[in-house]
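Observations on chain architecture
Okay, here's what each chain looks like letter by letter:
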4 protein chains.
Amino acid sequence: MDAAITYRVPYADTDQMGFVYYGNYLVFFERARNELMRSLGFTYRELESLGVGLPVIEASLKYHIHAQYDDLLTIRARVADFSGIRVRVDCQVLREDKLLVEGWTRHAFMDLKTGRPARVPLIMQEKLRQFVGAETKE
Amino acid sequence: MDAAITYRVPYADTDQMGFVYYGNYLVFFERARNELMRSLGFTYRELESLGVGLPVIEASLKYHIHAQYDDLLTIRARVADFSGIRVRVDCQVLREDKLLVEGWTRHAFMDLKTGRPARVPLIMQEKLRQFVGAETKE
Amino acid sequence: MDAAITYRVPYADTDQMGFVYYGNYLVFFERARNELMRSLGFTYRELESLGVGLPVIEASLKYHIHAQYDDLLTIRARVADFSGIRVRVDCQVLREDKLLVEGWTRHAFMDLKTGRPARVPLIMQEKLRQFVGAETKE
Amino acid sequence: MDAAITYRVPYADTDQMGFVYYGNYLVFFERARNELMRSLGFTYRELESLGVGLPVIEASLKYHIHAQYDDLLTIRARVADFSGIRVRVDCQVLREDKLLVEGWTRHAFMDLKTGRPARVPLIMQEKLRQFVGAETKE
């Protein structure tokens, strides 16, 4: 299961080296994750309305080519792993067919009231399992 | 009543023109406002714990000289006006004695649960009135 | 002359009050200005390639309703004034038909090498004058 | 060789979950790296004035506890590895004695004009080697 968005780089994202500042790619990843969830049939906003959040517990990035101002980027996100309480999402940032930056984030389902681990809502579990495939276990 | 902080500009704040991106000065203003409240004897965090927030309803900025990477800035904030339900804070960004950017923000006290206007807690009112002076009315 | 973009609010733009952080609207304004220039027939990137930049010298914002996570916003930009060396752009942020935030920015054409005021390239002047109308003078 | 800074979390850094947004820690890392270089006796600004930049090629983060608004954080940076053309810096974000987030970034020295790999200036090499120790090779 994957999703892709297009994104036009504003001046705000650049730094004085003329590249997109390295921390901003984590925002790009989030934009793609949001659409990934939407394409799964529920949004992150809906997940929160059920009292469940999905904070990041780990992130990793490789910068091959730095994006620049006014680039029209494609950002892809894919559910790479799902264990019932954790999910890993792989992301790629591309300019035309060129891979600029890639990475992944790992998230844990959390009860927003208590801050403790939470089971993912059943309806979401089914969809996640379906797309990741039964063989992937964390 | 005023407060001042010093702030070292990171690469993150710059854009490809080599200046601090124009939206980041509103973050600078906030950093100084936070210390202004702390110097008044209560923090914004404490205000929120009483169920009251202070969202911005208006902002204005004049950019005279643009700050640059690694500049050590001084950011000043001053309560300029207080009416019981609204407060205006004036801010200045300086590099040594040079005024780079100035502006102000206007805020309304808001009940965080209902989203409706709220009276500022009495203890805060007294301190605000004391510093603004009896003559300033919005 | 005006342009409009749509923009999906990421988590990154929000703050703990659950609203879009007030400084981020200046990034929204920039996103719309970029498309405004593109719709004028040249991009800001092209302007810079001619050695001319357009830094902000003044900004003003009014916050009526705060945008929230996952909102699909429309951001409009319009050339409101043009004097040959300065330009003012008016911006609006809407959710469906509701006006959330409005404001404007004033910019000065600047020689990127010297940092001094620059005349806007002729081809751009003509287009700007055409859209603003002959009667508007700064 | 290591350096540490203190940093007060502004509202700008938070998101609607009430935590510091996960991408902002990369800005925290940068703030500490800047002071690390300053403590080595030359600043990143000076490195750039020699025509050499130090863009990030890889980053990794582990989020144990999320920082919150108004937290007074300590951010530590340490040169972990240096190979003559690449350097790895380890970073930690702490609140009092508690480790909140840790990670590292890997950087490559780059000629700012050509965008190609560059040798680090000799004076900087010596200091880096001295602190990392002769035994660490990438």
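This is a predicted model, so every value here is computed, not measured.

Focus: the overall build of chain A
In terms of helices and strands, chain A carries three helices and seven strands. For chain A, the N- to C-terminal ordering of α and β elements is β-α-α-β-β-β-β-β-β-α. Over its C-alpha atoms chain A spans a radius of gyration of 16 Å, differing by no more than 12% from the 14 Å that the globule rule assigns to 138 residues. With respect to the three principal axes, the spread of C-alpha positions in chain A is 45 × 30 × 25 Å. In chain A, which comprises 138 residues, the share counted as buried stands at 59%.

Describing the pattern of salt bridges
When their charged atoms lie close together, side chains carrying opposite charge are able to pair. Applying the stated criterion across every chain yields a total of 30 salt bridges over all chains. The partner of Asp90(A) in a salt bridge is Arg78(A), and the shortest N-O contact between them spans 3.1 Å. With Asp90(A) in strand 5 (residues 86–95) and Arg78(A) in strand 4 (residues 72–82), this pair connects stretches of sequence that are twelve residues apart. Within the structure, one salt-bridge network assembled from shared partners comprises Arg8(A), Asp70(A), Glu35(C) and Arg38(C).

Points about the relation of the copies chain C and chain A
Expressed as a screw transformation, the operator carrying chain C onto chain A has a rotation angle of 180° and an axial translation of 0.0 Å, and the superposed copies differ by an RMSD of 0.0 Å. Within this description, the copies of the chain are treated as partners about a two-fold rotation axis. Residues of chain C ranked by C-alpha distance from the rotation axis are headed by Tyr7(C), positioned 4.9 Å from it.

So, the sheet that holds strand 4 of chain A
Ordered in space as 1(A)-4(A)-5(A)-6(A)-3(A)-3(D)-6(D)-5(D)-4(D)-1(D), the ten strands form an open sheet in which the pairing is antiparallel. Here the strands that pair on one side only, and so sit at the sheet edges, are strand 1 (2–8) of chain A together with strand 1 (2–8) of chain D. The average undirected angle you get between the axes of adjacent strands in this sheet is 15°. The sheet contact formed by strand 3 (residues 56–63) of chain A and strand 3 (residues 56–63) of chain D spans five bridges and is antiparallel. Within strand 3 of chain D, the residue paired with Lys62(A) across the bridge is Glu58(D).

A look at unusual backbone geometry
A positive phi angle is found at Asp70(B), which is not glycine, with a value near 75°. Positionally, Asp70(B) belongs in the loop between strand 3 (56–63) and strand 4 (72–82). With relative accessibility at 7%, the residue Asp70(B) sits in the buried group. Positive phi is not limited to glycine here, since Glu96(D) has a value of about 50°.

Focus: the relation of the copies chain D and chain A
Applying a rotation about an axis and a shift along it to one chain copy brings it onto the other copy. Here chain D sits on chain A after a turn of 180° about the axis and a move of 0.0 Å along it, with an RMSD of 0.0 Å. Taken together, the interface assignments show that 100% of the residues at the interface of chain D recur at the interface of chain A, consistent with an identical surface on both copies.

Describing the interface of chain D and chain A
Counting residues at the interface gives 28 residues for chain D, matched by 28 residues for chain A. One can count zero salt bridges joining chain D with chain A. Where chain D packs against chain A, one counts 14 residue pairs in polar contact (both at pLDDT 80 or more). Within the residue set of the side of chain D that touches chain A, elements represented by two or more residues are helix 1 (24–40), helix 2 (44–49) and strand 3 of chain D. Here the side of chain D that touches chain A gets eight residues from one element, more than from any other, and that element is strand 3 of chain D. Residues that form the side of chain D that touches chain A fall into these classes: 17 nonpolar, six polar and five charged.

Focus: the pairing of strand 6 (residues 98–108) of chain C
Residues and elements named next belong to chain C. Note that strand 3 (residues 56–63) and strand 6 share seven bridges and pair antiparallel. If you follow Tyr63 over to strand 6, its bridge partner there is Val101. Bridge count for strand 5 (residues 86–95) against strand 6 is ten bridges, and the pairing is antiparallel. Directly across from Val93, in strand 6, lies its bridge partner Val101. Connecting the antiparallel pair strand 5 and strand 6 is a turn made up of two residues, with Glu96 showing a positive phi of about 50°.

A word on the interface of chain C and chain A
With 19 residues of chain C at the contact, the number on the chain A side is 19 residues. Between chain C and chain A lies a buried interface of about 1700 Å² when both sides are counted; carbon and sulfur atoms form 38% of it. On inspection of chain C and its partner chain A, the count reaches six salt bridges. Salt-bridge contacts for Arg45(A) lead to Asp71(C); the nearest nitrogen and oxygen are separated by 2.8 Å. Our count for the chain C to chain A interface comes out at 16 residue pairs in polar contact (both at pLDDT 80 or more). Where the side of chain C that touches chain A is concerned, the elements lending two or more residues are strand 1 (2–8), helix 1 (24–40) and helix 2 (44–49) of chain C.

Structural notes on empty space enclosed by the protein
Using the criterion set out here, one finds five cavities of 30 Å³ or more in the structure. Roughly 740 Å³ of internal volume is contained in the largest cavity. Looking at the largest cavity, it is lined by 36 residues, and the ones nearest its centre are Asn24(A), Ala12(B), Asn24(B), Asn24(C) and Asn24(D). Secondary-structure elements contributing two or more residues to the lining of the largest cavity are helix 1 (24–40) of chain A, helix 1 (24–40) of chain B, helix 1 of chain C together with helix 1 of chain D. Residue composition of the lining of the largest cavity, by class: 20 nonpolar, eight polar and eight charged.

Quick word on helix 3 (residues 122–132) of chain D
Residue and element names in this part refer to chain D. For helix 3, the complete set of buried residues consists of Met124, Gln125, Leu128 and Val132. For helix 3, the buried positions fall inside an angular range of 105° around the axis, keeping them on one side. Opposite the buried face of helix 3, by more than 90 degrees, sit the exposed residues Leu122, Ile123, Glu126 and Gln130. Of the surrounding secondary structure, the elements contacted by the buried residues of helix 3 are helix 1, helix 2 and strand 4 (72–82).

Re the sheet that holds strand 1 of chain C
Taken together, the ten strands give an open sheet; going across it, the order is 1(B)-4(B)-5(B)-6(B)-3(B)-3(C)-6(C)-5(C)-4(C)-1(C), and neighbouring strands pair in antiparallel fashion. Strand pairing shows two members of the sheet lacking a second neighbour, strand 1 (2–8) of chain B together with strand 1 of chain C, which therefore form its edges. The mean inter-strand angle of the sheet, taken between neighbouring strand axes irrespective of direction, is 15°. Note that strand 1 of chain C and strand 4 (residues 72–82) of chain C share seven bridges and pair antiparallel. What sits directly across from Arg8(C), in strand 4 of chain C, is Leu72(C).

What counts, and where the lines are drawn
- Each chain has its residues counted from 1, running along the sequence as written.
- Written order determines the labels here, with chains lettered from A and ligands numbered from 1.
- In keeping with the model being predicted, local features are shown solely for residues with a pLDDT of at least 70 and side-chain atom pairs are shown and tallied solely at 80 or more, while totals for entire chains, interfaces and linings include all residues.
- The basis for every side-chain value is the complete set of heavy atoms in the structure, and neither hydrogens nor water enter the calculation.
- Runs of E in the DSSP output that reach at least two residues are strands. Runs of H or I that reach at least four are helices, and both are numbered from the N terminus.
- Note that the radius of gyration is over C-alpha atoms, with the globule rule given as 2.2 Å times the number of residues to the power 0.38.
- The cut-offs for exposure are 20% and 50% of the maximum accessible area for each residue type, with area from a 1.4 Å probe on protein chains only; residues under the lower value are buried, those over the upper are exposed, and the others partly exposed.
- Whenever a carboxyl oxygen of Asp or Glu lies within 4 Å of a side-chain nitrogen of Lys or Arg, that contact is scored as a salt bridge.
- Here the copies are superposed with least squares, the fitted atoms being C-alpha atoms of residues at a pLDDT of at least 70 in both.
- When DSSP finds two or more bridges between a pair of strands, those strands are recorded as paired.
- Axis lines are fitted through C-alpha atoms, for helices just across the contact stretch, and the angle between N-to-C directions can take any value from 0 to 180 degrees.
- Contacts between residues were defined by any pair of non-hydrogen atoms, one from each residue, lying within 4.5 Å.
- The definition of a polar contact used here is a pair of N or O atoms within 3.5 Å, where within protein one atom must be able to donate a hydrogen and the other to accept one, and adjacent residues in sequence count solely through side-chain atom pairs.
- All residues other than Ala, Val, Leu, Ile, Met, Phe, Trp, Tyr, Cys, Pro, Asp, Glu, Lys and Arg, Gly among them, are scored as polar; the first ten of these are nonpolar and the last four charged.
- The term buried area denotes the loss of accessible surface (1.4 Å probe radius) that occurs when two parts are joined, taken as the sum for both partners.
- Every definition here rests on a 1 Å grid over the protein atoms only: cavities are sets of points where a 1.4 Å probe fits but cannot get out, pockets are open sets enclosed by protein on both sides within 12 Å along at least five of seven lines, and lining residues have some atom within 4 Å of a point.
- Grid points are joined across faces, edges and corners, and a volume is the space filled by probe spheres set on the points.
- Read the arc as the range of directions from the helix axis to the C-beta atoms.

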